[in-house]
Amino acid sequence: MLPEYDAYLITVAVIGTRNPTEFGIQEGYKLTKHFVENNFTIVSGLALGCDTVGHSCCLEHKGRTIAVLPNGVDKIYPKQNTKLASEIIKNGGALISEYPPGTAPKRNYFVERDRLQRELSNGICIIETKTKGGTMHTYKFVKKQNKQVGLV
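Below is a short write-up of the structure. Keep in mind that this is a model prediction, so the values were computed, not measured.

Considering the overall build of the protein
Part 1 of the argument: Per the secondary structure count, the protein includes five helices and six strands.
Part 2 of the argument: Overall, the protein shows an N-to-C arrangement of helices and strands of β-α-β-α-β-α-β-α-β-α-β.
Part 3 of the argument: Put simply, the protein has 152 residues, and 47% of those count as buried.
Part 4 of the argument: Once local pairs closer than 6 in sequence are excluded, the contacts in the protein between residues at least 24 apart make up 74%.
Part 5 of the argument: By element, 55% of the accessible surface of the protein is carried by carbon and sulfur atoms, the whole surface being about 8,200 Å².

A look at the layout of surface pockets
Part 1 of the argument: A volume near 500 Å³ is recorded for the largest pocket.
Part 2 of the argument: Along the wall of the largest pocket there are 22 residues; nearest its centre are Arg18, Arg113, Gly133, Gly134 and Thr135.
Part 3 of the argument: Looking at the lining of the largest pocket, the elements that each hand over two or more residues are helix H4 (107-120) and helix H5 (134-144).
Part 4 of the argument: Considering every element that reaches the lining of the largest pocket, the biggest residue donor is H4, with six residues.
Part 5 of the argument: Tallied by class, the residues present in the lining of the largest pocket amount to four nonpolar, eleven polar and seven charged.

Examining the pattern of salt bridges
Part 1 of the argument: One pass over the full model with this rule turns up six salt bridges.
Part 2 of the argument: A salt bridge links Asp114 to Arg113; the shortest N-O distance between them is 3.5 Å.
Part 3 of the argument: In this structure, a network of salt bridges that share partners links the residues Glu98, Glu112 and Arg115.

A short note on the packing of helix H1 (residues 22-37) against helix H2 (residues 50-60)
Part 1 of the argument: It is the contact of H1 with H2, at a shortest axis distance of 9 Å, that shows an interaxial angle of 45°. The angle between H1 and H2 places the two elements in the oblique class. As for how H1 packs across H2, the hand of that crossing is right-handed. Side by side, H1 and H2 meet where Ile25, Gly28, Tyr29, Thr32, Lys33 and Val36 of the first sit next to Val53, Gly54, Cys57, Cys58 and Glu60 of the second.
Part 2 of the argument: In terms of residue class, the contact of H1 with H2 is built from six nonpolar, three polar and two charged.

Concerning the nonpolar core
Part 1 of the argument: Counting residues in each nonpolar core, the largest one holds ten residues, listed as Val12, Val14, Phe35, Val36, Ile42, Cys50, Val53, Cys58, Cys125 and Ile127.
Part 2 of the argument: If you list the elements that add at least two residues to this core, you get strand E1 (11-15), H1 and H2.
Part 3 of the argument: Among the elements that take part in this core, H2 stands out by supplying three residues, more than any other.
Part 4 of the argument: In this view, Cys58 contacts Thr32, Val36, Ile42, Gly63, Arg64 and Thr65; residues no more than four positions away in its chain are not counted.

Rules used throughout
- Residues numbered from 1 in each chain as written.
- Predicted model: local features only at pLDDT ≥ 70, side-chain atom pairs only at ≥ 80, totals over all residues.
- Heavy atoms only, no water.
- Helix = DSSP H or I, 4+ residues; strand = E, 2+ residues; numbered from the N terminus.
- Buried < 20%, exposed > 50% of the residue type's maximum accessible area, 1.4 Å probe, protein only.
- Contact = heavy atoms within 4.5 Å.
- Areas by Shrake-Rupley, 256 points an atom, 1.4 Å probe, with all protein chains shown as cover.
- 1 Å grid on protein atoms, 1.4 Å probe; cavity = no way out; pocket = protein on both sides within 12 Å on 5 of 7 lines; lining within 4 Å.
- Points joined across faces, edges and corners; volume = space filled by probe spheres on them.
- Nonpolar A, V, L, I, M, F, W, Y, C, P; charged D, E, K, R; others polar.
- Salt bridge = Lys/Arg side-chain N within 4 Å of Asp/Glu carboxyl O.
- Axes fitted to C-alpha atoms, helices over the stretch in contact; angles between N-to-C directions.
- Parallel < 35°, antiparallel > 145°, perpendicular 65-115°, else oblique.
- Left-handed = near helix turned anticlockwise from the far one by under 90°.
- Core = buried A, V, L, I, M, F, W, Y, C linked by side-chain atoms within 4.5 Å.

Structure, rendered in structure tokens:
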């Protein structure tokens, strides 16, 4: 267990596909729970699938989580995670974006969101992914920086 004063200093991005398998969901939940129990702050992108697993598990276990958005913070994308976004704020987490309010998500903003997740994290945990997509963007960024990578 890490010392309590480190609780806000160590972050891990929990990321992956929007369509995880049941195995991925279960393992992602276990790993996220382990991170939370060891005072890691969870960073993810509020997307459906693996991101939702990371944020939800973190909140369930009274951890702190940060959601990086591909749009302005005044609108939640995807809409299905509006309640989850509210719970993040209610429990002391944060929704962050580099875009001003009113900005809608665009294709390239997702890559930029992935860059922010990388920069905010000491390492990443990839639950499940395909060989192409946003998770692989983040993985490539992280490898260039020699940060820690964990895979389910």
